[in-house]
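# Examination of the molecular architecture
Residue-level listing of the chains:
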Amino acid sequence: MVDFFSWQAILVYVLVIVFILVFTGFDLTDFIGGFLEKTEAEGEIKEINKAIEDLSKYKEDIFLSGGMLAPAVIVSAKRVVSWGGRNRRDHSWHLVDFEVDVFSEDIAPFRTRFRNEIYRPSFVRANNEEMLTEHGRKIWVTYDSKDTSRAYLDHYDDDHESAMKEREVNGRRAAFNKMTEGNEDLKIRGEQAEAVITRVDDLNLPYPSKNSRAVHIYFEVTPKAGFPFQAEGDVLIGETAFAKYSVGKKVFIRYDAQNPKWAVLDTERNRSIN
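Numbering of residues starts from 1 in every chain and runs along the sequence as written. Under the rules for a predicted model, residues below a pLDDT of 70 receive no local features and side-chain atom pairs below 80 are neither given nor counted, while totals for whole chains, interfaces and linings still include all residues. Calculated side-chain values reflect all of the structure's heavy atoms, with hydrogen atoms and water omitted.

## Looking at the environment of threonine 267
Only DSSP runs of H or I covering at least 4 residues are called helices, and only runs of E covering at least 2 are called strands; the numbering of each starts at the N terminus. With respect to the helices and strands, threonine 267 occurs in helix H5 (residues 267-270). Between the C-alpha atom of threonine 267 and that of glutamate 184, which follows or precedes it by 83 residues, the distance is 9.9 Å.

Below you can see the structure in the form of structure tokens.
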């Protein structure tokens with residue numbers, strides 16, 4: 001009796017498939033090369049995402065440390081890695097090592113270096129990784145007044161007016177993020193309770209990437225034991241959930257047992273509320 005699943009039979013199947021693919025003009029080397037290239041690209045994208053995430057934290061740290069904004073001129077711009085775009089030699093986003101001369105009103109001019117991502121869809125990779133089109137361009141940098149080696153590209157001079165408006169919003173977001181760092185922890189360790197929303201202050205601080213906005217919210221809390229009390233907290237509320245968290249609505253919260261005036265919305269339990 002023929003064993004259709006023996007290793008000999010499987011080998012024959014593989015050889016037949018390879019023969020058919022070659023006969024029909026299928027380039028097996030391109031297929032394997034493409035697969036390996038895709039796997040390599042996926043790993044590279046993960047590394048890039050990690051680098052961008054680290055850069056964001058680095059920038060926020062400088063900004064919150066009292067970062068100073070100043071005009072500068074690009075001396076050198078060396079491409080480190082690129083991604084996006086239509087093919088391997090035509091990318092949209094680039095991670096670049098900059099060298100710039102900074103002209104601050106507060107201290108003497110100085111030269112500094114930093115890494116930053118930029119969007120340049122027209123830049124085509126070449127053997128020379130220096131992005132000559134960036135040389136001499138006017139930019140604005142934010143630097144650490146205590147250590148001028150710590151700096152980042154804030155914006156290009158062409159975008160100065162709109163960038164200043166965005167900078168103000170980003171500054172408020174950074175302060176809000178700092179103020180609410182303990183919210184996620186409180187959602188886990190906080191005391192559970194029911195509450196009624198007594199007031200909602202819209203902070204006019206949108207988070208488009210999260211489809212949310214920042215609010216300061218006040219509660220009349222009814223704990224499992226003891227008397228009702230007042231609490232409040234800063235939270236993000238989804239744009240589509242404002243009716244759900246409006247004044248007079250009953251919600252589930254978590255409050256800090258050591259500081260009962262601090263409370264956050266209990267996201268998981270509130271999923272059951274319409």
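The discussion continues.
## A look at the side chain of serine 82
Structurally, serine 82 is set in strand S1 (residues 68-83). Exposure categories follow from relative accessible area, calculated using a 1.4 Å probe and restricted to protein chains: below 20% of the type maximum is buried, above 50% is exposed, and the middle band is partly exposed. What makes serine 82 buried here is its relative accessible area of 5%. Polar contact is the term for a pair of N or O atoms within 3.5 Å; when the atoms are in protein, one must be able to donate a hydrogen and the other to accept it, and sequence-neighboring residues count only if both atoms are side-chain atoms. Of the polar contacts made by the side chain of serine 82, one reaches the side chain of arginine 79; its length is 3.0 Å.

## What about the packing of aromatic side chains?
Classification of ring pairs uses Phe, Tyr and Trp, with its six-membered ring standing for Trp, and accepts pairs whose centres are within 6.5 Å; under 30 degrees between planes counts as stacked, over 60 as edge-to-face, and the remaining range as tilted. Evaluation of the coordinates by the stated rule reveals 5 aromatic pairs. When the ring of tryptophan 93 is compared with that of tyrosine 119, the centres are 5.0 Å apart and the planes differ by 55°; the resulting orientation is tilted. Linking tryptophan 93 in strand S2 (residues 93-102) with tyrosine 119 in strand S3 (residues 110-119), this pair joins segments that are 26 residues apart in sequence. Judged by its relative accessible area of 43%, tyrosine 119 falls in the partly exposed class. Look at phenylalanine 98 and phenylalanine 114: their rings are 5.7 Å apart centre to centre, the planes differ by 35°, and that puts the pair in the tilted class. Taken as a pair, phenylalanine 98 in strand S2 and phenylalanine 114 in strand S3 lie far apart in primary sequence, 16 residues in all. The rule for a charge over a ring is simple: NZ of Lys or CZ of Arg within 6 Å of the ring centre, and within 35 degrees of the ring normal. Residue placement shows arginine 173 over the ring face of tyrosine 207; its charged tip is 5.5 Å from the ring centre. Across from the ring centre of phenylalanine 242, 3.7 Å away, lies the NZ or CZ of arginine 213, which sits over that ring.

## What to know about the sheet that holds strand S4 (residues 138-144)
Strands are labelled as partners when DSSP assigns at least two bridges between them. Taken in spatial order, the 5 strands make up an open sheet running S3-S2-S1-S4-S5, and their pairing is antiparallel. Edge positions in the sheet fall to S3 and strand S5 (147-156), since each has one partner strand and no second. The sheet shows a mean angle of 45° between the axes of neighbouring strands, taken without regard to direction. Relative to S2, S1 runs antiparallel, the two being bridged by 10 bridges. Helix axes are fitted only over the stretch in contact, all axes being lines through C-alpha atoms; the angle between N-to-C directions runs from 0 to 180 degrees.

## So, the confidence of the model for the chain
Within the chain, residue pLDDT values average 85, and 80% of them lie at 70 or more. pLDDT expresses how confident the predictor is about each individual residue, on a scale running from 0 to 100. Note on definitions: a residue-residue contact is assigned when non-hydrogen atoms from the two residues lie within 4.5 Å. Contacts for the low-pLDDT stretch residues 35-39, under 50 throughout, to residues beyond four places or in other chains number 1 contact.

## With respect to the pairing of S1
Taken together, the 6 bridges between S1 and S4 define a ladder with antiparallel strand orientation. The partner of valine 73 across the bridge, within S4, is lysine 138.

## Some thoughts on the sheet that holds strand S10 (residues 263-265)
Taken together, 5 strands build an open sheet; the order of strands is S8-S7-S6-S9-S10 and the sheet is antiparallel. Strand pairing shows two members of the sheet lacking a second neighbour, strand S8 (229-238) and S10, which therefore form its edges. Neighbour-to-neighbour, the strand axes of this sheet turn through a mean angle of 45°, independent of strand direction. Sitting on the sheet, helix H3 (residues 160-179) touches strand S6 (191-207), strand S7 (212-222) and S8, and the angle it makes with S6 is about 165°.

## A word on the environment of aspartate 61
Along the chain, aspartate 61 turns up in helix H2 (residues 28-64). Among the residues examined, aspartate 61 registers a relative accessible area of 39% and is labelled partly exposed. Between the alpha carbons of aspartate 61 and aspartate 144 there is a distance of 9.4 Å; along the sequence they are 83 residues apart. Of the polar contacts made by the side chain of aspartate 61, one reaches the side chain of arginine 150; its length is 2.9 Å.

## As for unusual backbone geometry
Despite not being glycine, asparagine 204 has its phi angle at roughly 50°, a positive value. We note that asparagine 211 has phi near 50°; this positive angle belongs to a residue other than glycine. Along the polypeptide, asparagine 211 turns up in the loop between S6 and S7.

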